[in-house]
Amino acid sequence: MFGIGTQELLVIALIVLLLFGGKKIPELMKGLGKGVKSFKEGVNGLDDIDDEAKKKKDEEKQE
C-alpha cells in the first residue's frame, strides 16, 4: 500500500494520537464519515441532474 509498512503506520498513528488526544479522534472520524457521506450524496445528486437534463433534451428533439 503505497510503500508504507507496518512500522510507518504505527509511527503515524502514534503521532496522530499525540497531536489530537484519545478523546478527539472519534470526533474527527465521525466528521470525516459525515463528509464522505455528503460527498457521495452530492455526486449521486449530480448524476440525477445530468439524467434529467438528458431527458429534457431528448423530449425537445422529439417535438
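This one's a predicted model, so the numbers in the text were calculated from it and none came from an experiment.

Student: Which parts of the structure should I look at to understand the overall build of the chain?
Tutor: Secondary structure summary: the chain contains 2 helices and 0 strands in total. Split into buried and exposed, the 63 residues of the chain put 0% on the buried side.

Student: It is not clear to me how a nonpolar patch on the surface should be interpreted in this structure. Could you clarify?
Tutor: The grouping of Ile 4, Leu 9, Val 11, Ile 12, Ile 15, Val 16, Leu 19, Phe 20, Leu 28, Met 29, Leu 32 and Val 36 at the surface amounts to a nonpolar patch, some 1000 Å² of accessible area in total. Elements with a contribution of two residues or more to the nonpolar patch: α1 (6–20) and α2 (24–62). Of all the elements, α1 adds the most residues to the nonpolar patch, at 7 residues. Considering the arrangement of structural elements, one finds Leu 9 in helix α1.

Student: I'm lost on the pattern of salt bridges in this one. Help?
Tutor: Where charged atoms of side chains with opposite charge meet at close range, the side chains can pair. Using the criterion set out here, one finds 1 salt bridge in the structure. Note that Lys 24 is salt-bridged to Glu 27, the shortest N-O span being 3.7 Å. Note that Lys 24 and Glu 27 are positioned in helix α2 at a spacing of 3 residues, about one turn of the helix. You can call Glu 27 exposed: its relative accessible area is 51%.

Student: Explanation requested: α1 in the structure shown.
Tutor: Every α-helix winds through 3.6 residues per turn, so residues three or four apart in the chain are directed the same way. Across its 15 residues, α1 extends 21 Å between first and last C-alpha, which sits within 8% of the 21 Å expected from 1.5 Å per residue. Of the residues one or two after α1, Gly 21 is the one with positive phi, at around 85°.

The rules we used
- Residues numbered from 1 in each chain as written.
- Predicted model: local features only at pLDDT ≥ 70, side-chain atom pairs only at ≥ 80, totals over all residues.
- Heavy atoms only, no water.
- Helix = DSSP H or I, 4+ residues; strand = E, 2+ residues; numbered from the N terminus.
- Buried < 20%, exposed > 50% of the residue type's maximum accessible area, 1.4 Å probe, protein only.
- Patch = residues over 30% accessible without salt bridge, like charges linked within 9 Å, V, L, I, M, F, W, Y side chains within 5 Å.
- Areas by Shrake-Rupley, 256 points an atom, 1.4 Å probe, with all protein chains shown as cover.
- Salt bridge = Lys/Arg side-chain N within 4 Å of Asp/Glu carboxyl O.
- Expected span 1.5 Å × (residues − 1).

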